[in-house]
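Observations on the model geometry
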Amino acid sequence: MASTDTGTTLQAGAAGPANRSPLVGWLAVVSVMLGIFAIVTTEILPIGLLTKIGSSFAISDGMAGLMMTMPGFLAAVCAPVVTLATARVDRRLMLCAFMLLLAVANFLAAAAPGYWLVLVSRVIVGVVIGGFWSIGAGLAERLVPAESVGRATSVIFSAVPLGSVLGVPAGTFIGDLAGWRTSFVVLGALSVAVLGMLVLVVPPLPPGRSMRLSVLRDMLRGVNTRFALLLTFLVVLAHFGTYTYVTPFLEQVTGAGPQLITVFLLVYGAAGIVGNFLGGAAVGRHPRAVFGLAAAMIAAVTLSLPFLGRWQIGAVLLLVVWGMAYGAVPVSSQTWFAKATPDTPEAASVLFTASFQATFSVGALVGGVVVDRTSPCTVMTWGGLAAVCMVLAVRAHFARRLTWPDRT
């Protein structure tokens, strides 16, 4: 009965990628990428505006860091819950609904009279992240022909470093010129524009295979899936436990002003784009080596920043290395999950999104506690040690000589 239902669902959908105009397919890919770009920028924009938002509500940097923590926790919960609850709903409809919610969240933050309402808007952002990412991350194979899936996936994931290289610096620059609220107004307008593009160019996408909780449980039994969860936890903890507070570090330790910090974040994001495409090109053949190298580079940077980051030239050079390293992290993590469970791509995206976002929140929360009680330098050191643990975990995976697909 299940197979019959699935077949009926597939027949009811739009023409497959092979029967669709290549231009239409690539426009759909770009629209999904722009949606993720808007989401990523909304999620991490508080990094560049942290001190401005905190001072406007008279709260500490650690308390302001809740803007980073809350979306991640909600996304981690919503990734499996929303995906399971909407398993029979057209995926295009869900993408559009999430983009509308993102616009509402940004406009709500811009108009918030108190910090509590900013946090409410961040809750909505968390719901959007969990749902849109889980659906959008694995859509490339449904939008373009099989021979173009790899390139399309890289284009979709390029939204992550683009959010850093364009979104956060641009939002920070707008915040410097016109106030942080204006930055969220602009993001709200961008979300509405992306919603219009999704409606126009994305074809109907009926769910091809019903998601069930049992599928996720079966995935967790595989040793490669468990390694993917461990590695993602350690590297994302290391990154977001430190990068969330890079603005206070650059202000207090490097002595950089607002305009220079914007330039530093721009340089970091540009390096992230390079890292995304270099990592994406190599991770399919060498997933362990690419993931381990990215973690080693993050460890080297965060452990060096308290010493070399006291000089502006040292800080910017380390940010270049950091950007390249982190640019390879999302595509490496997603690829690891996908290789572990090649027959269930949407379920792999759900686990990737949930684990990534949960650790995002833990890192921002732990980093906030540390920075309030100690200093930005201490945060960098602890993050570096977490990245070292991730490198050791990759070596353990090598030592066990595990291969894909995951049948353990």
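Values in this document were obtained by computation on a predicted structure and should not be read as measured data.

Some points on a nonpolar patch on the surface
- On the surface, a nonpolar cluster with roughly 600 Å² of combined accessible area is contributed by F307, L308, W311, I313 and L317.
- Those elements that provide at least two residues to the nonpolar patch are helix 15 (287-308) and helix 16 (312-327).
- Taking the relative accessible area as the measure of exposure, L317 reaches 52% and is therefore exposed.

What to know about empty space enclosed by the protein
- The full count for this structure, using the stated rule, is 2 cavities of 30 Å³ or more.
- The computed volume of the largest cavity comes to approximately 170 Å³.
- The wall of the largest cavity is formed by 18 residues, among which E43, V160, F240, Y326 and F356 lie closest to the centre.
- Mapped onto the lining of the largest cavity, the elements with two or more residues apiece are helix 2 (22-56), helix 9 (159-178), helix 12 (223-243) and helix 18 (345-373).
- Ranked by the residues each element gives to the lining of the largest cavity, the list is headed by helix 18, at 5 residues.
- For the lining of the largest cavity, the class distribution of residues is 13 nonpolar, 4 polar and 1 charged.

Some details on the packing of aromatic side chains
- Under the criterion given, the structure shown has 9 aromatic pairs.
- Here F291 and W336 contribute two aromatic rings whose centre-to-centre distance is 6.0 Å and whose plane-to-plane angle is 50 degrees, an arrangement assigned as tilted. Taken together, the positions of F291 in helix 15 and W336 in helix 17 (residues 329-340) put the pair 45 residues apart, joining distant regions of the chain. A single burial state applies to F291 and to W336, both of which are buried.
- Within the aromatic cluster, the residues linked to one another by ring pairs are F57, Y115, W180 and F184.

Reading the values: the criteria
Residues numbered from 1 in each chain as written. Predicted model: local features only at pLDDT ≥ 70, side-chain atom pairs only at ≥ 80, totals over all residues. Heavy atoms only, no water. Patch = residues over 30% accessible without salt bridge, like charges linked within 9 Å, V, L, I, M, F, W, Y side chains within 5 Å. Areas by Shrake-Rupley, 256 points an atom, 1.4 Å probe, with all protein chains shown as cover. Salt bridge = Lys/Arg side-chain N within 4 Å of Asp/Glu carboxyl O. Helix = DSSP H or I, 4+ residues; strand = E, 2+ residues; numbered from the N terminus. Buried < 20%, exposed > 50% of the residue type's maximum accessible area, 1.4 Å probe, protein only. 1 Å grid on protein atoms, 1.4 Å probe; cavity = no way out; pocket = protein on both sides within 12 Å on 5 of 7 lines; lining within 4 Å. Points joined across faces, edges and corners; volume = space filled by probe spheres on them. Nonpolar A, V, L, I, M, F, W, Y, C, P; charged D, E, K, R; others polar. Phe/Tyr/Trp six-rings, centres within 6.5 Å; stacked < 30°, edge-to-face > 60°.

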